[in-house]
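Residues per chain, in single letters:
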Amino acid sequence: MDGWRTGQPWQGLRLNISYTFPVTTTARPTDLRINGARLMDRLMSLAEIGAIDGGGCARLALTDADRDGRDLVVSWMRDLGLEVTVDTVGNVVGTWSVGGGGAVMTGSHIDTVRTGGKYDGNLGVLAGLEIIQTVQESGWMPPRPLAVTFFTNEEGARYAPDMMGSLAYVGGIGVEEVLGTIGIDGSRVGDELLRIGYAGTTPCPAPAPHAFVELHIEQGPVLEKEGATIGAVTGVQGISWREVTIEGQSNHAGTTPMSMRHDPAYAASLIAVFLRDLARRYGGNQVCTVGKIDLHPNLVNVVPARAVLTLDVRNTDEGLLRRAESEITERLDALAAEEGVTITSRQLARFEPVEFGESMVTLVEATASDHGLSSMRLPSGAGHDAQMLARICPSGMVFVPSHNGISHNPAEHTDTADIVAGCDVLLQMMITLTTQETP
Ligand code: HGY
Ligand code: MN
Ligand code: MN
């Protein structure tokens, strides 16, 4: 296998799943349904890798836990007889090479944030495996290959930007730039890919698949609140990540008069308050988050020398997002003068809003309806690999509800019935797409 781990991968959690491949049939299996118990088995087995208190997962990109998760999923791909490739940024694709032409591809990511849940990303990858196995067992031979992939570093929590692997997959960022990226812990992507055995040789960017559809939990409260089982995702909102560094004057907490202070922690706090107020003023889909603040020297009796914080600013409207960004820049400049500190920024990620094609959104709705499932249209507040694939092929997303709208939290939960429903919709969408010349 090209450039990746040899030897037996993860043994402890392998499932004794038997495979039967009956005689092939030609009739399109519109009544085909997945094996929900098998899908849940795989989800729970993958969730045991990097398991944390509260029922979640910690598998930051390219860590040992990510490697172990990768090994387990690759072993399942092999069990299904898929052709497995690893590209130069560690994206893994499992292809059932039947029929001809471009593959109908599904997938997502299996890296998580540090306090992730069981389903974010993982559902989309394991649903793809389940769908391929279900079709193989049905005896129906798709006229096109079916592929399932997991992309490297979708979360962007250790290495920015997010959706890094899928962005490279579609040619949106150079391989060398990816490999040279330094993470929040000082590690380098290229070194870590080598270390975990996933520095592949398959070229990146990749040829465009025929179509790409991603199943994902909504990670927000809308579907549950509206009582809809399936989300026909219309697109993904714009994302702007910025790292702000504030240099002040370290001083004694007890002896330094307030009038003499140049305090980066105070400036950082004002920025967090400013962002919350900006989101309130803009309303609508505007969201702003300060997720990370590092102080130096970070000691109880020292006025900090430096604060480094991250700003995550998003909106479905590109014009409003740009306005928010320039308002923030103006505020940072004013704050530097007010507090007598120096403030510098660097962009960590910037993606404009993405719209999925009408035909794909309609296909989600129609397939949900064929299954007697309620659905509604909504944009995605979270970034996803599908937004990158939309640059090179017809792409879409299927959402299923998140309980209480919670995600990026060990308490993340989606009911099994909704998981199975979403996967059945994806199954039939993929079958339909294999028979459509132009999705
Ligand atoms: O940040 C995001 O929206 C995604 O979870 N990477
Ligand atoms: Mn995700
Ligand atoms: Mn996520």
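Sequence order as written defines residue numbering, which begins from 1 separately in each chain. Labels are handed out in written order, letters beginning with A for the chains and numbers beginning with 1 for the ligands. The predicted origin of the model limits local features to residues at a pLDDT of at least 70 and limits the giving and counting of side-chain atom pairs to 80 or more, whereas totals for whole chains, interfaces and linings rest on all residues. Values shown for side chains rest on all heavy atoms present in the structure; no hydrogens or waters enter the calculation.

Participant: Tell me about the overall build of the protein chain, and please be specific about residues and values.
Facilitator: Helix numbers and strand numbers start at the N terminus; a helix is a DSSP run of H or I with at least 4 residues, a strand a run of E with at least 2. Counting its regular elements, the protein chain contains 12 helices and 18 strands. Scaling as 2.2 N^0.38, a compact globule of 439 residues should have a C-alpha radius of gyration of about 22 Å, and the protein chain matches this with 23 Å. Split into buried and exposed, the 439 residues of the protein chain put 57% on the buried side. Between two residues, a contact is recorded if the distance between any of their heavy atoms is within 4.5 Å. Counted over contacts in the protein chain with a minimum sequence separation of 6, partners at least 24 positions apart contribute 81%. Of the accessible surface of the protein chain, which amounts to about 17,100 Å², a share of 52% is contributed by carbon and sulfur atoms. Radius of gyration here uses only the C-alpha atoms, and the compact-globule reference equals 2.2 Å multiplied by the residue count raised to the power 0.38. Three labels apply to residues, based on accessible area from a 1.4 Å probe with only protein chains included: buried if under 20% of the type maximum, exposed if over 50%, partly exposed otherwise in between. What sets the accessible areas is the Shrake-Rupley method with a 1.4 Å probe; for residues, cover comes only from the shown protein chains.

Participant: Tell me about the coordination of the manganese ion (ligand 3), residues and numbers included.
Facilitator: Bound to the manganese ion (ligand 3) are the protein donor atoms D120 (OD), E155 (OE), E155 (OE) and H408 (NE2), situated 2.1 to 2.6 Å from the metal. The metal-metal distance between the manganese ion (ligand 3) and the manganese ion (ligand 2) comes to 3.5 Å, with D120 coordinating both. Of this pair, D120 sits in the loop between strand 5 (104-108) and helix 3 (122-138) while H408 is found in the loop between strand 18 (395-400) and helix 12 (416-435), placing the two residues 288 residues apart along the sequence. A relative accessible area of 5% places D120 in the buried class. For Na, K and Ca the donor cut-off is 3.2 Å; for every other metal, N, O and S atoms count as donors within 2.8 Å. Water does not enter the count, which can leave sites looking incomplete.

Participant: Mind laying out the domain arrangement of the protein chain, listing which residues take part and the relevant values?
Facilitator: What the domain assignment reports for the protein chain is domain 1 (3-237 + 354-434) and domain 2 (240-351). Where each domain begins and ends follows an automated or database-derived domain assignment. Summarising the inter-unit geometry, the C-alpha centres of domain 1 and domain 2 are found 35 Å apart. Salt bridges, as used here, are contacts in which a Lys or Arg side-chain nitrogen is within 4 Å of a carboxyl oxygen on Asp or Glu. Counting across the domain 1 and domain 2 interface gives zero salt bridges. Pairs of N or O atoms within 3.5 Å make up the polar contacts considered here, provided that, within protein, one atom can donate a hydrogen while the other can accept it, and that residues adjacent in sequence are counted only when both atoms are side-chain atoms. Put simply, domain 1 and domain 2 have one residue pair in polar contact (both at pLDDT 80 or more) between them. Ten residues, namely Ala, Val, Leu, Ile, Met, Phe, Trp, Tyr, Cys and Pro, are considered nonpolar, four, namely Asp, Glu, Lys and Arg, are considered charged, and the remaining ones, Gly among them, are considered polar. A per-class count over the side of domain 1 that touches domain 2 returns eight nonpolar, five polar and three charged.

Participant: Can you tell me about the site of ligand 1, naming the residues and giving the values?
Facilitator: Proximity is defined per residue: if any heavy atom of the residue lies within 4 Å of a molecule or strand, that residue is considered near it. Neighbouring ligand 1 are the residues E154, E155, D162, W241, R314, A382, G383 and H408. D162 places a polar side-chain atom, nitrogen or oxygen, 3.3 Å from an oxygen atom of ligand 1. In the complex, 95% of the free accessible area of ligand 1, which totals 220 Å², lies under the protein chains. In terms of residue class, the shell around ligand 1 is made up of two nonpolar, two polar and four charged.

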